Amino acid sequence: MTNLDHGATTVSSRALGVLLDSWRASSAPGYLALADRIRLLVLDGRLPVGTRLPSERDLCAHLGVSRTTVAAAYAALRDSGHVDSVRGSGSVVRLPARASVPRPTTTEGLLDLTKAALPAVDGIAEAAQRAAGRLGAYLDDPGYDPVGRPVLREAIAERYRRRGLETSADQIVVTLGAQHAIALLARVLVSRGDRAVVEAPGYPHAFEALRGAGARLVPVSVTVDDGWDEAALMQTLRRTSPPVAYLMPDFHNPTGATMPADQRVRVLEAAAAEGTVVIADETMAEMAIDGVEPGSRVERPLPMAAYGRAVTIGSVGKSLWGGLRIGWIRAERPLVDRLVRARSAGDLGTPVLEQLVVAELLGDFDRVLEARAGHLRRGRDRVVHGLREAFPSWQVPSPAGGLTTWVGLGAPVSSQLTLAARREGLLLAAGPVFGIDGAFERFLRVPFSYADSDTDRALAALRAAWDGVDGVQAPASPLLAEVV
Ligand SMILES: Cc1ncc(COP(=O)(O)O)c(C=O)c1O
């Protein structure tokens with residue numbers, strides 16, 4: 001069963017024509033070439049499930065082919081389960097039976113690269129000792145803290161001000177990491193059956209949290225090269241007036257894309273017009289790799305909420321350490337109050353000592369981030385170089401920030417490859433983990449946040465795994481492989 005809101009978006013003939021690009025280049029008969037190209041767009045999530053295709057008449061006129069060609073292509077897509085013809089709604093994108101994505105049952109003895117995460121920054125133990133020294137001042141009250149200690153709320157607000165966004169401490173709710181923040185916002189803002197715009201590919205635990213709150217997900221495509229499909233995003237907002245849109249505007253996980261400032265303005269305007277609350281997950285926002293050194297700074301967009309109304313999620317999970325489990329929500333006061341009231345159903349507050357540790361480290365945050373950028377730059381360059389050399393047929397982007405590269409494999413074999421990698425002792429999350437209902441079989445997320453020795457082990461394992469996948473990697477028609 002899916003939680004998708006089918007039929008939310010229509011792709012026009014013109015927009016589909018752009019996506020189809022040089023579909024005729026193949027030597028296959030016209031209708032098969034057209035069907036294959038549309039199928040690829042579906043598998044890659046560029047035509048999200050639920051998208052309505054143009055009518056046969058519109059598309060044949062636009063492409064300059066016969067109506068029979070388009071009708072036969074749509075029929076082939078129906079036969080392979082990639083399109084449904086819905087009376088009154090035309091042809092709607094589907095995926096064949098849900099691909100079950102391999103998930104590890106045990107990770108013992110395996111190199112686990114399913115997480116885009118870093119070890120703790122230097123200096124955490126010392127910060128914890130200093131924080132413990134301050135704890136005495138907090139021990140007289142019961143310690144249940146659903147909103148956050150003032151010292152940390154102020155330090156987080158100060159960080160926003162330094163990034164160019166006026167913020168006061170009472171706009172901050174400290175949470176148990178960003179994941180808790182997503183789930184809490186979903187619980188407060190989403191009612192059962194509501195639509196929620198998400199990105200495809202996107203962050204899978206956000207999908208889970210939104211679905212858990214009863215949302216029907218409406219995906220909008222994001223790619224490495226073109227970022228957000230703005231036309232589709234605007235149309236989806238207009239058509240569905242969703243209560244929430246969950247976006248990762250900075251170093252989007254997994255593509256690494258960053259939304260430009262002018263697009264932020266347009267998206268927030270369109271969302272405001274529909275009464276949609278934009279949840280901007282900025283967990284990765286401070287993980288810039290390029291342009292962070294003093295002499296070579298690159299202007300980055302301001303935090304999303306500087307351009308319009310947005311609720312922001314932040315975390316020190318990447319910048320300091322995931323093990324601290326400290327994140328936060330930045331929102332206007334009325335929403336802050338609702339979040340704090342709603343919180344007791346799930347938890348009764350954030351641990352005090354961890355908050356004090358983070359407050360210590362935020363005092364020296366620029367230095368911390370520079371060290372992080374140096375580590376990530378080395379990791380990225382090693383992974384990107386290693387992958388490009390070992391797999392010349394892959395598209396390996398070198399993102400300007402974040403912790404991962406979203407690799408194009410050139411064939412829909414991501415699940416097969418990750419299964420084969422597991423046999424070589426390496427765990428990776430297959431592309432479909434980041435999509436909805438099986439898309440993104442042609443992609444693989446590879447983190448570059450790990451130690452050199454782990455990276456080298458992972459590259460060797462991937463090479464061995466790819467040899468095993470080779471024989472089946474070029475199906476005549478890129479159907480979803482039935483191997484997962
Ligand atoms: C985009 C995004 N949001 C939220 C999280 C969860 O972060 P935290 O560890 O702070 O719960 C992650 C972790 O990978 C993430 O990538």
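Bear in mind the structure is a predicted one, so any value in this text is a computation, not a measurement.

Cut-off values and rules
- Residues numbered from 1 in each chain as written.
- Predicted model: local features only at pLDDT ≥ 70, side-chain atom pairs only at ≥ 80, totals over all residues.
- Heavy atoms only, no water.
- Domains from an automatic or database assignment.
- Contact = heavy atoms within 4.5 Å.
- Buried area = accessible area lost by both parts, 1.4 Å probe.
- Salt bridge = Lys/Arg side-chain N within 4 Å of Asp/Glu carboxyl O.
- Nonpolar A, V, L, I, M, F, W, Y, C, P; charged D, E, K, R; others polar.
- Near = heavy atom within 4 Å.
- Polar contact = N/O pair within 3.5 Å; in protein donor to acceptor, adjacent residues only side chain to side chain.
- Areas by Shrake-Rupley, 256 points an atom, 1.4 Å probe, with all protein chains shown as cover.
- Helix = DSSP H or I, 4+ residues; strand = E, 2+ residues; numbered from the N terminus.
- Buried < 20%, exposed > 50% of the residue type's maximum accessible area, 1.4 Å probe, protein only.
- Arc of directions from axis to C-beta.

Draft legend 1. Region of interest: the domain arrangement of the protein chain. Taken domain by domain, the protein chain holds domain 1 (13–93), domain 2 (111–117 + 367–470) and domain 3 (124–363). For domain 1 versus domain 3, the separation of C-alpha centres amounts to 38 Å. If you look at the interface, domain 1 gives five residues, while domain 3 gives seven residues. Together, the buried faces of domain 1 and domain 3 total about 380 Å²; carbon and sulfur atoms form 51% of this surface. Broken down residue by residue, the surface that domain 1 buries against domain 3 is led by Gly45, Arg46 and Pro48, which jointly contribute 77%. Between domain 1 and domain 3 we count zero salt bridges in total. Of the residues that constitute the side of domain 1 that touches domain 3, the class distribution is two nonpolar, one polar and two charged.

Draft legend 2. Seen up close, the site of the ligand. Within the structure, the ligand sits among Gly177, Ala178, Gln179, Tyr203, Met248, Asn253, Asp281, Thr283, Met284, Ser315, Lys318 and Arg325. Here an oxygen atom of the ligand and a backbone polar atom of Ala178 are 2.7 Å apart. In this structure, an oxygen atom belonging to the ligand sits 2.9 Å away from a main-chain N or O atom of Gln179. For the ligand, the protein covers 91% of the area, taking 400 Å² as the surface of the free molecule. Looking at which element gives the most residues to the shell around the ligand, the answer is helix α7 (residues 177–189), with three residues. For the shell around the ligand, the class distribution of residues is four nonpolar, five polar and three charged.

Draft legend 3. Representation of helix α1 (residues 13–20) within the structure. Restricting attention to buried positions, one finds in α1 the residues Ser13, Leu16, Gly17, Leu19 and Leu20. When α1 is viewed along its axis, its buried side chains cluster within an angular range of 165° and face the same direction. Relative to its buried face, α1 has exposed residues pointing more than 90 degrees away, namely Arg14 and Val18.

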